[in-house]
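# Descriptive structure summary
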Amino acid sequence: MTDMTPERLSTWTIRRRMLAEFWFYFRQNRGAVAGLAVFVLLVLTAVFAPLLAPHDPILQYRDALLVPPAWTAEGSAEYLLGTDAVGRDILSRLIFGARYSLFIGIVVVSIALVGGILIGLLAGFFGAWVDAVLMRVMDVILAFPSLLLALVLVAVLGPGLTNAMIAIAIVYQPHFARLTRAAVMAEKNREYVTAAQVAGAGRMRLMFKTILPNCLAPLIVQATLSFSSAVLDSAALGFLGMGAQPPAPEWGTMLAEAREFILRAWWVVTLPGLAILVSVLAINLMGDGLRDALDPKLKRS
C-alpha cells in the first residue's frame, strides 16, 4: 500500500513526463550529450582529486625539472604528463585544477544569477523609474569590455581568486538582469498572473512564486553558458597574474608560470591550455543542448 495521494501521484507523473521529454530533446543533440559526459567526468575528477592525483600538486621534485611526458623518449613513467620548471607533477596539478574551475564557475554563476534575478524582477515588475534606474546601471556595466572591467575591479579590490570571482560575477550580472527583466515583462500581463492578483496574492508572492518559475528556462541556459565563460575569464585573469596566485594549481596560473618555456617545454603550456579548451567546449555544447530542450520554439513537433 502506498501513502501517496492521487494529487501527489499526478504531480509525480507530470514531472516524470517533463523529465522524459527534456531528455528526449536533449539527446537529439549528440554534441550536447558528449559535452555532458565530459562535464560529468570533470566533476568526478574534481571530487576524487586526492584519490586520482599521483602526487601532491604543489610538491617540488628538484631532481625532476621539466621532465617530458611519459610517452616521449626522455619521459618517465612516474610523471605521466611530465613536470614543470620547479619539478611539480603536471597531471596532479591538472586534476586539482578541475576543482578550481568548478568552484569558480559555481560561485560566479551563483552570485551573478541571484543578483541578476533580483534586479531583473524589480525592473520588470515595477517598471517606471525603477526600471529606468536599474537598467541604466546595467547598461553602464555592459558598455565596458568584460575582461577589461574585470581587470579594473580586481586591480581595485586586489589580486586573488576571491576578488577575481567577485569581479567576474559583477561583469556577468547585467546579462541575467536583462534576461530576467524581459521574461518578467512578457509574463506579468498573462492571465494566470491576473488571476493570482484577483485571488489576493501580494507583490512578493507574484514575483517569486507566480512569475519567476515561468522565467527559469532561459536563465538556466544563460547560467550554463556563463559557467564556461567564467572558467575562461578566470583563467585569463590568472594568466595576467590577477586571479589565483602561485602555487595554486589553477589552469590559468599554470599557463602564466609556463609561458617562458613555450619553445623548450611544450607540454608545460599545451596541457593546461587543452584542459581549458576541452572544459569550456564541453560546457558550451551542453548549454546548446539545454537551449534546444528548454526552448519550446526550437522543439520539433
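Please refer to the structure placed before this passage.
Numbers given to residues run from 1 along each chain, matching the order in which its sequence is written. With pLDDT at 70 or above as the cut-off, local features in this predicted model cover only qualifying residues; side-chain atom pairs require 80 or more to be listed or tallied, and sums for whole chains, interfaces and linings still use all residues. Remark: hydrogens and water are excluded; side-chain values derive from all non-hydrogen atoms of the structure.

### Thoughts on the overall build of the chain
Secondary structure is summarised from DSSP: a helix means a run of H or I of at least four residues, a strand means a run of E of at least two, and numbering begins at the N terminus for each. Secondary structure summary: the chain contains twelve helices and zero strands in total. If you list the helices and strands of the chain from N to C, you get α-α-α-α-α-α-α-α-α-α-α-α. The principal-axis extent of the C-alpha atoms belonging to the chain is close to 75 × 55 × 35 Å. Residue pairs in contact within the chain that sit at least 24 positions apart in sequence constitute 69% of those at least 6 positions apart. Throughout, the Shrake-Rupley method with a 1.4 Å probe supplies accessible areas, and for residues the shown protein chains are the sole cover considered. Here the chain has roughly 16200 Å² of accessible surface; of this, 66% comes from carbon and sulfur atoms. Of note, the chain has its 24 positive side-chain charges centred 11 Å away from the centre of its 20 negative side-chain charges. The contact criterion used is simple: two residues touch if any of their non-hydrogen atoms lie within 4.5 Å. By the counting rule applied here, Lys and Arg register as positive and Asp and Glu as negative, while His and the ends of each chain are not counted. Where a charge lies is defined by one atom per residue type: Lys uses NZ, Arg uses CZ, Asp uses CG and Glu uses CD.

### Points about the nonpolar core
Residues Leu 94, Val 108, Tyr 172, Phe 227, Leu 237, Trp 251 and Trp 267 are the most contacted members of the largest nonpolar core, which totals 79 residues. Broken down by element, the residue count for this core peaks at 16 residues, all from helix 4 (residues 90-126). Once residues lying within four places of it in the same chain are set aside, the contact partners of Trp 251 are Leu 42, Arg 93, Leu 94, Gly 97, Ala 98, Ser 101, Pro 272, Ala 275, Ile 276 and Ser 279. Only buried residues count toward a nonpolar core. Its members are Ala, Val, Leu, Ile, Met, Phe, Trp, Tyr and Cys residues joined through side-chain atoms within 4.5 Å. Buried residues are those whose accessible area, probed at 1.4 Å on protein chains only, stays under 20% of the maximum for their type, while exposed residues exceed 50% and partly exposed ones sit between those limits.

### Observations regarding unusual backbone geometry
In this structure, the amide linkage connecting Pro 246 to the following residue, Pro 247, adopts the cis form with an omega of 5°. By the secondary structure assignment, Pro 247 is in the loop between helix 10 (216-239) and helix 11 (251-258). Although it is not a glycine, Leu 66 sits at a positive phi angle of roughly 50°. If you trace the backbone, Leu 66 turns up in the loop between helix 3 (49-52) and helix 4. Overall, the relative accessible area of 16% leaves Leu 66 in the buried class.

### Focus on the packing of aromatic side chains
Between rings of Phe, Tyr and Trp, where Trp is taken as its six-membered ring, a pair exists when centres lie within 6.5 Å; planes separated by under 30 degrees are stacked, by over 60 edge-to-face, and by other angles tilted. A complete count under the given rule lists six aromatic pairs for this structure. When the ring of Trp 23 is compared with that of Phe 26, the centres are 5.8 Å apart and the planes differ by 25°; the resulting orientation is stacked. With a gap of three residues between them, Trp 23 and Phe 26 both fall in helix 1 (residues 6-26), about one helical turn apart. On the basis of relative accessibility, which here comes to 38%, the residue Trp 23 falls in the partly exposed class. Note on Trp 266 and Trp 267: the rings are 5.9 Å apart at their centroids and 90° apart in plane angle, and the pair reads as edge-to-face. On the basis of relative accessible area, Trp 266 is assigned to the partly exposed category, the value being 37%. With relative accessibility at 5%, the residue Trp 267 sits in the buried group. The ring of Phe 239 has Arg 259 sitting right over it, with the charged end atom 5.2 Å from the ring centre. Here, a charge over a ring means that NZ of Lys or CZ of Arg falls within 6 Å of the ring centre while also lying within 35 degrees of the ring normal.

### Topic: the side chain of Gln 173
Take Gln 173: it is sitting in helix 7 (residues 161-187). Once residues within four sequence positions are removed from consideration, Gln 173 is found in contact with Ile 111, Ala 112, Gly 115, Gly 116 and Ile 119.

### Some thoughts on the packing of helix 10 against helix 11
Axis separation between helix 10 and helix 11 bottoms out at 7 Å; the angle between their running directions is 35°. Two packed elements cross with a definite hand, and for helix 10 against helix 11 that hand is right-handed. Contacts between helix 10 and helix 11 involve Ala 235, Gly 238 and Phe 239 from the first element and Gly 252, Thr 253, Leu 255 and Ala 256 from the second. Each residue gets one label: Ala, Val, Leu, Ile, Met, Phe, Trp, Tyr, Cys and Pro are nonpolar, Asp, Glu, Lys and Arg are charged, and the others, such as Gly, are polar. Counted by class, the contact of helix 10 with helix 11 contains four nonpolar, three polar and no charged residues. Only the contacting stretch of a helix is used when fitting its axis, a line to C-alpha atoms as for every element, and angles between N-to-C directions run 0 to 180 degrees. For any helix crossing, the convention is left-handed if the near helix is rotated counterclockwise from the far helix by under a right angle, and right-handed if that rotation is clockwise.

### Quick word on helix 6 (residues 146-157)
Given 3.6 residues to a turn, an α-helix orients residues that are three or four positions apart in the same direction. With twelve residues, helix 6 extends 16 Å between its outermost C-alpha atoms, agreeing within 8% with the 16 Å of an ideal straight helix rising 1.5 Å per residue. Of all the residues in helix 6, the buried ones are Leu 149, Ala 150 and Val 154. Buried residues along helix 6 cover an arc of 135° about the axis, so they all sit on one side. Away from its buried face, by an angle of more than 90 degrees, helix 6 presents the exposed residues Ala 155 and Val 156. In this structure, the buried side of helix 6 is in contact with helix 5 (128-142), helix 7 and helix 10. Expected helix span is taken as 1.5 Å per residue step, with the number of steps being one fewer than the number of residues. The directions from the helix axis to the C-beta atoms form the arc being described.

### Structural notes on the environment of Leu 41
Mapped onto the fold, Leu 41 is located in helix 2 (residues 30-47). The class for Leu 41 is exposed, based on a relative accessible area of 54%. Between the C-alpha atoms of Leu 41 and Trp 23, which are 18 residues apart in sequence, the distance is 19 Å.

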